[in-house]
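Report on the structure
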Amino acid sequence: MTDKHTNIILVGLMGAGKTTVGKLLARHLDKCFYDSDHELVRRNGVTIPVIFEVEGEAGFRRREEAVIDELSSLDNVVLATGGGAVLSAQTRALLKSRGTVVYLRGAVEELWQRTRHDRNRPLLQTADPKARLRELYTERDPLYREVADVVIDTSRQNVNALVRQLEQKLAGLPD
């Protein structure tokens, strides 16, 4: 069984910086870094849009849940989850029990600027992707807050300052 305090799990909407922050944080804390989306792609040999196309969002979420279950059971990791991982009550329970959960919260406008040219985000392949991002934020923000031990605002901060701030917050958490 994993010790909740050895793992750091990053949640937040697409574009919040989970992968970028996670890699640097893992390096600073001498932990292994995993990105559940990258792991899904590696294991399945196809991109996330292809999984969505073939299996729909429900099929993707089943695969995501299994990968997060496996990765979160490891010790001493920083895990960046996909933006929709919190939609599953089972996954939310796993995250809470298997690590210190950090919600990287970004303003919709900033997230839009970071994701607008990325074609590997199937949920944004709509007529009005910015409106869709706003809908996702409204739907998921309460779920991110529900699981989070720490909330960090990622807007207008460089990654090094963000990681330093996060390390300070994590150091101040009770054991």
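One can find the structure itself at the top, above this paragraph.
Because the structure is predicted, anything quoted here is derived from the model rather than measured.

**Points about helix α7 (residues 159-171)**
Given a rise of 1.5 Å per residue, 13 residues ought to cover 18 Å, and the 18 Å separating the end C-alpha atoms of α7 matches this to within 8%. Turning to α7, its buried residues number three or more, namely L162, V163, L166 and L170. For α7, the angular spread of the buried residues around the axis is 95°, confining them to a single face. The exposed residues of α7 that point more than 90 degrees off its buried face are Q168 and A171. Buried residues along α7 sit against β1 (8-11), α1 (18-29), β4 (100-105) and β5 (150-153). The backbone nitrogen of N160 lies 2.9 Å from a side-chain oxygen of the residue at the head of α7, namely N158.

**Looking at a nonpolar patch on the surface**
A cluster of nonpolar side chains, contributed by V46, V50 and V54, occupies part of the molecular surface with about 220 Å² of accessible area. Checked against the element boundaries, V54 lands in helix α3 (residues 48-72). With relative accessibility at 63%, the residue V54 sits in the exposed group.

**Concerning the packing of helix α2 (residues 36-44) against α3**
Contact geometry of α2 with α3 gives a least axis separation of 9 Å together with a crossing angle of 115°. Considering their axes alone, α2 and α3 lie roughly perpendicular with respect to each other. You can see that α2 and α3 cross each other, and the crossing is right-handed. Each of S36, D37, E39, L40, V41, R43 and N44 in α2 lies in contact with α3, whose residues at this interface are I48, I51, F60, R63, E64, V67, I68, E70 and L71. Residues belonging to the contact of α2 with α3 are distributed by class as follows: 8 nonpolar, 2 polar and 6 charged.

**Points about the sheet that holds β5**
The strand order across the open sheet built from 5 strands is β2-β3-β1-β4-β5, with neighbouring strands paired in parallel fashion. Looking at which strands have only one partner, the edges of the open sheet turn out to be β2 (32-35) and β5. Looking at each pair of strands side by side, their axes are set apart by 20° on average, direction ignored. Here 4 bridges tie β1 to β4, and the two strands are oriented parallel to one another. Pairing of L10 across the sheet is with V102, part of β4. Sitting on the sheet, α1 touches β1, β2, β3 (77-80) and β4, and the angle it makes with β2 is about 165°. Each of β1, β4 and β5 touches α7; the most contacted strand, β5, lies at about 160° to it.

**Looking at α2**
When α2 is considered as a whole, its buried residues turn out to be S36, E39 and L40. All buried residues of α2 project into a common sector of 105° when viewed along the axis, lining one side. The distance from a side-chain oxygen at the start of α2 to the backbone nitrogen of D37 is 2.8 Å, and the residue carrying that oxygen is D35. The first or second residue beyond α2 is G45, which carries a positive phi of 75°.

**Quick notes on the nonpolar core**
Ranked by internal contacts, the top residues of the largest apolar core, which has 43 residues, are L10, V11, V102 and L166. In terms of residues, this core owes the most to one element, α3, which gives 7 residues. Other than its neighbours up to four places away in sequence, L166 contacts L10, V21, L25, V102, V150 and I152.

What counts as what
- Residues numbered from 1 in each chain as written.
- Predicted model: local features only at pLDDT ≥ 70, side-chain atom pairs only at ≥ 80, totals over all residues.
- Heavy atoms only, no water.
- Helix = DSSP H or I, 4+ residues; strand = E, 2+ residues; numbered from the N terminus.
- Expected span 1.5 Å × (residues − 1).
- Buried < 20%, exposed > 50% of the residue type's maximum accessible area, 1.4 Å probe, protein only.
- Arc of directions from axis to C-beta.
- Contact = heavy atoms within 4.5 Å.
- Polar contact = N/O pair within 3.5 Å; in protein donor to acceptor, adjacent residues only side chain to side chain.
- Patch = residues over 30% accessible without salt bridge, like charges linked within 9 Å, V, L, I, M, F, W, Y side chains within 5 Å.
- Areas by Shrake-Rupley, 256 points an atom, 1.4 Å probe, with all protein chains shown as cover.
- Salt bridge = Lys/Arg side-chain N within 4 Å of Asp/Glu carboxyl O.
- Axes fitted to C-alpha atoms, helices over the stretch in contact; angles between N-to-C directions.
- Parallel < 35°, antiparallel > 145°, perpendicular 65-115°, else oblique.
- Left-handed = near helix turned anticlockwise from the far one by under 90°.
- Nonpolar A, V, L, I, M, F, W, Y, C, P; charged D, E, K, R; others polar.
- Pairing = 2+ DSSP bridges.
- Core = buried A, V, L, I, M, F, W, Y, C linked by side-chain atoms within 4.5 Å.

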